[in-house]
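Structural description and commentary
The lines below spell out each chain.
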Amino acid sequence: MPVPAHPTRRSLLFGTAGTAVLLGAGARTRFGTDARPSIAAVAAREPIVPAAHTSVRLDAAPGTVELGSREVHTWGFGERVPGPEIRVAAGGTVAARLHNRLPAETTVHWHGVRIDPAMDGAPGVSQTPVPPGGDFHYRFVAPDPGTYFYHSHVGTQLDRALYGALIVEDPAEPLGYDADWTVVLDDWIDGTGTDPDAVLAELRDQPRTAQTMESALLGGTAGHVAYPHYLVNGRTAAAPEEFTCSPGRRVRLRLINAGADTAFRVALGDHRLTVTHTDGFPVLPVTVDTLLVGMGERYDVLVTLADGVFPLVADAEGKNARAFAVIRTAPGDAPTASVAVPEADGRLLTLADLVADPCVDRGDAPARGVDLVLGRGPNGTRWTLGTAAAPDAGPLRVPVDTGERVRLSFTNTTRMWHPVHLHGHTFQVRSATGRGPRKDTVMVRPRETVTVDVLADNPGEWMLHCHNLYHSELGMMATLGYGATPTTPDASMPNMTRDFA
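First, a word on scope: everything that follows refers to the structure included in this document. (Residues numbered from 1 in each chain as written. Predicted model: local features only at pLDDT ≥ 70, side-chain atom pairs only at ≥ 80, totals over all residues. Heavy atoms only, no water.)

1. Concerning the environment of His-465
- Mapped onto the elements of the fold, His-465 is located in strand β33 (residues 460-466).
- Assessed through its relative accessible area of 3%, His-465 is described here as buried.
- Through-space distance from the C-alpha of His-465 to that of His-421 is 5.5 Å; in sequence the pair is 44 residues apart.
- Once residues lying within four places of it in the same chain are set aside, the contact partners of His-465 are His-153, Leu-385, Pro-419, Val-420, His-421, His-423, Ser-472, Met-476 and Met-477.
- At a separation of 3.4 Å, a polar atom in the side chain of His-465 contacts the side chain of His-153. (Helix = DSSP H or I, 4+ residues; strand = E, 2+ residues; numbered from the N terminus. Buried < 20%, exposed > 50% of the residue type's maximum accessible area, 1.4 Å probe, protein only. Contact = heavy atoms within 4.5 Å. Polar contact = N/O pair within 3.5 Å; in protein donor to acceptor, adjacent residues only side chain to side chain.)

Given below as structure tokens:
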């Protein structure tokens, strides 16, 4: 079994000896070229020991970034999109100093991490936002290995460049792979003649959003915003990033959707994808052609690379557009972003396919449950998360008891899909067999009910919201609180919970 390693892109391209060695004649592939030499296998690498302590400085500031095909003015963590990737060993400590050089207050949320509430970055719930010119020192233990990310949680700032990957590595990694590539997907509008605040204002003012972006996979309306750009690792399809490796190598792709309003359907030309993790937690491996990644979701997949040059596509579902990158294991011309990729229309991963690995399966049934409704206000400009008895009750607090297991049922009464995210916890999705995946973000399609079980083992006040940024900003947000003094209005109904027989 290969030793897991996480080489830099430079070491993947040039090998440990610092040069690429060419030999032999490569076979024709659909995306490769004729009679071109293939790149020799990358030399064996020493295993990389994950850092037990990682320190990073995050300077949130206005600036100009290059998206490959154009430059835009935005707010970000440095001069690149995404911000710096942070890696730490499970059980290790992350120390991140945020310095706010923006003209507005900000925070950093560590998405998917079971964290102390004071470090969660939820403005007005667990943290007072950092004012312009201010600093905040985040320090926390990253308890669970997996793929996570960090982002601003103030206003529409996520729809700029204020995000980056957080990879928590397992010192006893059970998977065998040769290389590791983080793939961050995004929809981009800032600095293109408008900005996310203007988008929010337009959505708030419209009595109804035109139903023009439709998706059968999403069960209705796909989104509100037709973005001018869709990105892989901060680059447009016109100037894509290339990941270079060697044929026959096994690669772990870490897929993160950092977008605000777009689900991406991901496929790799001439390859199938073996899904091993969702939202950081292992599942029983399942092999598919393509998978749909909602905002806030993460998937880890394994793929053994063939010989050639292959398109990695992330179709913006329902929006007739594409994010695009290239995986190269041989010299030759790269395919264009418009290339047909049959795998994108092949076997699609479904929620029912995902079964938690027994090592993370919580099993026990909860004693009581809460029925929650995802709705839309009467004038069409407000989105709501409420109880079945009062679906439009305003700010909602879901009270639970420390240590208990609670079943949350999300029923979507709207024509749009909603990726529902819970801070500070994972939940176990309930399936027909009772053993769905462990996640922190789950898609709820129109006219669908999704049920999840939460173990209340991290006392505090925790945001529970739709990870469509514009839905959460327009009201689709609540808190789940226990073992702490509530900081949000308690608009819960007296009999909002139901006991199970």
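2. Describing the sheet that holds strand β9 (residues 146-151)
- The strand order β5-β10-β9-β7 describes an open sheet built from four strands, whose pairing is mixed. Looking along the sheet, the strands with just one partner apiece sit at the ends: β5 (86-89) and β7 (109-111). Adjacent strand axes in the sheet meet at a mean angle of 25° when their direction is disregarded. (Pairing = 2+ DSSP bridges. Axes fitted to C-alpha atoms, helices over the stretch in contact; angles between N-to-C directions.)

3. A closer look at the packing of aromatic side chains
- In total, this model carries eight aromatic pairs according to the counting rule given.
- When the centroid spacing of 5.8 Å and the interplanar angle of 50° are considered together, the rings of Phe-77 and Tyr-150 count as tilted. One end of the pair, Phe-77, is in strand β4 (residues 71-77); the other, Tyr-150, is in strand β9, and 73 residues separate them in sequence. An identical accessibility class is assigned to Phe-77 and Tyr-150; each is buried.
- On the basis of an interplanar angle of 70° and a centroid distance of 6.0 Å, the ring pair of Tyr-227 and Tyr-230 is categorised as edge-to-face.
- Assessed through its relative accessible area of 5%, Tyr-227 is described here as buried.
- For Tyr-230, a relative accessible area of 5% corresponds to the buried category. (Phe/Tyr/Trp six-rings, centres within 6.5 Å; stacked < 30°, edge-to-face > 60°.)

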